[in-house]
Amino acid sequence: MKKILAVFLAVLLLTAALAGCGAPASGPAAASGSQDAAEPAPVTIKWMHHFAEEARIAWAQDVAAKTHELYPWITVEIEVQPYDQYVALLKTKIQSDDAPDLYNLQARALLEEFVAADYCADLSDEPWLDTIVAAGVDAGRVNDGVYSIVQDMGGSFVFYNKAIFEQNGLKVPTTYSEWIHVLETLKDAGVTPLAAGYQEVWALLVDTYADSVPALFENDPDWAVNKMKGESSFADDEVFAQSMQRIYERTRYTQADAFGSDWNKACELVATGDAAMVIGGLFALDAIQSKNPEVQLGAFALPASENPADSRMPLGNPGGFIVYNGPRQEAAKLLLSVMLSKEMAGKYQTLARTLSTVKGIEGEVEPALQDILDVEADGRALSTSALAASFTGEYQKAYCTELVRFLMADQADVEGFAKTLDSEFAKIA
């Protein structure tokens, strides 16, 4: 246990997110102008992303090939980097004059930081902008410009193995007491209720966001900002205390080595039926079903009280794909237009098992995605696209360090956790 804890205390969270862009309704070729115009000089552009799933990596290669097919003078080189190292590597490349021409960010604060540093090209005048739903564009608005485009919807959801629920006579919980009943029933049946990949801090945060974001940000969009500014304290925050108590309680229902397991292991447990549920983003669908295509999954919002209406689901992406404000930005914008043409966005939605932000994509969605759409239709989705729903820099590092300490303790000392965060944040300030 001490060894695992020591490893976690050395981890820095570096957020970056999966997101995207759009193309003209008539197809990406519409952006190329007259076919009689002289072909531009050859150019090679770099696209850096952190896709981990095979389907998404293959799709990115298809986008690069399609871009070259439509615009033969453009060659796209793709670089894949680990999620947890992505932002640090991106900043290093920019400072070394080796910036990728297309990249992505998740945290709202990071987007604003990069815009202020003039690392992002303004996309406000792109002809394909109106082919993207508002949530996909609004996330990238900073001041009077649009600097990123969200490719698909993100969030934090409870995914469950339908067969396990049926075998144990369980229904989707809508209240907190029903949620605890599901966890206890599965535990008594010898099934791991919740799979967790807490070895990767980003997976831990996505897991906790399912509860903390709706609880903390719905009535206070500046909750995280105010904590970093010292304008409010953790110790005096009863909503924070209640959320952390709930999070601690449900982490008692994970597999024994949750802090020694990665995200891949967590998805494998659900795919094989060794665990009933996992909390993650839409990317969890592909990660689970790629290990067992026959598994049937559903999704629901994490219950937070005895009022079903309080089961809120964070839905949206706070960042997106960004064109670097450099000499090859026009070619990168064409790559962006191809990425979210209806053709490529439709392929992405199917292959990655996600919900695209491109308008007018036809076809059925699988049951778990439909469950998410049903929650949105019920008015229980909390839009997070424009929220600064995480801490930044040293504050995020301190939060992650203390969160791991708190969750790995034998007892839930919420008061001590809050006081420690206040102390650590004050030191940073």
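Residues numbered from 1 in each chain as written. Predicted model: local features only at pLDDT ≥ 70, side-chain atom pairs only at ≥ 80, totals over all residues. Heavy atoms only, no water.

### Some remarks on the overall build of the protein
Okay, so step 1: Tallying secondary structure elements over the protein gives 17 helices and 12 strands in all.
Okay, so step 2: Computed over the C-alpha atoms, the radius of gyration of the protein is 22 Å, within 12% of the 22 Å expected from 2.2 N^0.38 for a compact globule of 429 residues.
Okay, so step 3: When contacts within the protein are restricted to residue pairs at least 6 apart in sequence, long-range pairs at least 24 apart make up 78% of them.
Okay, so step 4: With an accessible surface of roughly 17,800 Å², the protein has 48% of that area assigned to carbon and sulfur atoms.
Okay, so step 5: If the 31 positive side-chain charges of the protein are averaged to one point and the 61 negative ones to another, these points end up 3 Å apart. (Helix = DSSP H or I, 4+ residues; strand = E, 2+ residues; numbered from the N terminus. Rg over C-alpha atoms; globule rule 2.2 N^0.38 Å. Contact = heavy atoms within 4.5 Å. Areas by Shrake-Rupley, 256 points an atom, 1.4 Å probe, with all protein chains shown as cover. Lys, Arg positive; Asp, Glu negative; His and termini not counted. Charge placed at Lys NZ, Arg CZ, Asp CG, Glu CD.)

### Quick notes on the confidence of the model for the protein
Okay, so step 1: Confidence along the protein averages 88 in pLDDT terms, with 91% of residues attaining 70 or more.
Okay, so step 2: Low confidence marks residues 1-36, where pLDDT is under 50. Its contacts with residues over four positions away, or in another chain, come to 99 contacts. (pLDDT = per-residue confidence, 0-100.)

### Details of the pattern of salt bridges
Okay, so step 1: This model, assessed by the stated rule, comprises 24 salt bridges.
Okay, so step 2: The salt bridge involving Asp-237 is made with Lys-227; its shortest N-O contact spans 3.1 Å. With a gap of 10 residues between them, Asp-237 in the loop between helix 9 (223-229) and helix 10 (238-251) and Lys-227 in helix 9 connect regions that are remote in the sequence.
Okay, so step 3: When its relative accessible area of 4% is taken as the criterion, Lys-227 is described as buried.
Okay, so step 4: Note that Arg-405 is salt-bridged to Glu-402, the shortest N-O span being 3.6 Å. Of the two residues, Arg-405 and Glu-402 are both situated in helix 16 (residues 393-408); the distance of three residues between them amounts to about one turn of the helix. (Salt bridge = Lys/Arg side-chain N within 4 Å of Asp/Glu carboxyl O. Buried < 20%, exposed > 50% of the residue type's maximum accessible area, 1.4 Å probe, protein only.)

### Focus on the sheet that holds strand 8 (residues 275-280)
Okay, so step 1: Pairing within the open sheet is mixed, and its four strands lie in the order 7-8-6-9. Each end of this open sheet is capped by a strand with a single partner; those strands are strand 7 (192-195) and strand 9 (297-300). Each strand of the sheet is rotated relative to its neighbour by a mean of 25°, with strand direction disregarded.
Okay, so step 2: Across four bridges, strand 6 (residues 157-161) lies against strand 8 in antiparallel orientation. The partner of Phe-157 across the bridge, within strand 8, is Gly-280. (Pairing = 2+ DSSP bridges. Axes fitted to C-alpha atoms, helices over the stretch in contact; angles between N-to-C directions.)

### Focus: unusual backbone geometry
Okay, so step 1: We note that Asp-97 has phi near 60°; this positive angle belongs to a residue other than glycine.
Okay, so step 2: The topology assignment puts Asp-97 in the loop between helix 3 (86-95) and strand 3 (102-105).
Okay, so step 3: Note on Asp-97: relative accessible area 76%, which makes it exposed.
Okay, so step 4: Of note, the phi angle at Asn-143 is positive, near 55°, even though the residue is not glycine.

### Let's talk about helix 14 (residues 342-351)
Okay, so step 1: Three or more residues of helix 14 are buried, namely Met-344, Ala-345, Gly-346, Tyr-348 and Gln-349.
Okay, so step 2: Buried residues along helix 14 sit against helix 2 (54-70) and helix 13 (329-339).
Okay, so step 3: One or two positions beyond helix 14, positive phi appears at Arg-353, with a value near 55°.

### Concerning the side chain of Gln-329
Okay, so step 1: Note that Gln-329 resides in helix 13.
Okay, so step 2: On the basis of relative accessibility, which here comes to 17%, the residue Gln-329 falls in the buried class.
Okay, so step 3: Here Asn-325 takes part through its side chain, which lies 3.0 Å from a polar atom of the side chain of Gln-329.
Okay, so step 4: Setting aside chain neighbours within four positions, we find Gln-329 in contact with Ala-121, Val-323 and Tyr-324. (Polar contact = N/O pair within 3.5 Å; in protein donor to acceptor, adjacent residues only side chain to side chain.)

### Considerations on the nonpolar core
Okay, so step 1: In terms of nonpolar packing, the biggest core is built from 37 residues, with Phe-240, Met-244, Phe-391, Tyr-399, Leu-403 and Phe-425 touching the most fellow members.
Okay, so step 2: Of all elements in the fold, only helix 8 (201-217), helix 9, helix 10, helix 16 and helix 17 (414-428) reach the threshold of two or more residues within this core.
Okay, so step 3: The element best represented in this core is helix 16, accounting for nine residues.
Okay, so step 4: Once you skip the residues sitting within four places of it in the chain, Phe-391 turns out to touch Trp-223, Ala-224, Lys-227, Met-228, Phe-234, Gln-396, Tyr-399 and Phe-425. (Core = buried A, V, L, I, M, F, W, Y, C linked by side-chain atoms within 4.5 Å.)

### Observations concerning empty space enclosed by the protein
Okay, so step 1: With the rule as written, the count across this model stands at two cavities of 30 Å³ or more.
Okay, so step 2: Tyr-209, Trp-223, Ala-389, Phe-391 and Tyr-399 are, among the 13 residues lining the largest cavity, the residues nearest its centre.
Okay, so step 3: Looking at the lining of the largest cavity, the elements with two or more residues in it are helix 8, helix 9 and helix 16.
Okay, so step 4: Ranked by residues supplied to the lining of the largest cavity, first place goes to helix 8 with five residues.
Okay, so step 5: Contributing to the lining of the second largest cavity are Ala-195, Ala-196, Gly-197, Tyr-198, Ala-203, Leu-204, Asp-207, Trp-263, Val-278 and Ile-279.
Okay, so step 6: Mapped onto the lining of the second largest cavity, the elements with two or more residues apiece are helix 8 and strand 8.
Okay, so step 7: If you tally residues by element for the lining of the second largest cavity, the top one is helix 8, at three residues.
Okay, so step 8: Looking at the lining of the second largest cavity, its residues break down into eight nonpolar, one polar and one charged. (1 Å grid on protein atoms, 1.4 Å probe; cavity = no way out; pocket = protein on both sides within 12 Å on 5 of 7 lines; lining within 4 Å. Points joined across faces, edges and corners; volume = space filled by probe spheres on them. Nonpolar A, V, L, I, M, F, W, Y, C, P; charged D, E, K, R; others polar.)

### Digging into the packing of helix 2 against helix 13
Okay, so step 1: The N-to-C vectors of helix 2 and helix 13 enclose an angle of 120°; their axes lie 9 Å apart at closest approach. By the criterion of interaxial angle, the relationship of helix 2 to helix 13 is oblique. Remark: the crossing between helix 2 and helix 13 carries right-handed chirality. Here helix 2 contributes Trp-59, Val-63, Lys-66, Thr-67 and Leu-70 to the contact with helix 13, which in turn contributes Leu-335, Val-338 and Met-339.
Okay, so step 2: Residue classes in the contact of helix 2 with helix 13 are distributed as six nonpolar, one polar and one charged. (Parallel < 35°, antiparallel > 145°, perpendicular 65-115°, else oblique. Left-handed = near helix turned anticlockwise from the far one by under 90°.)

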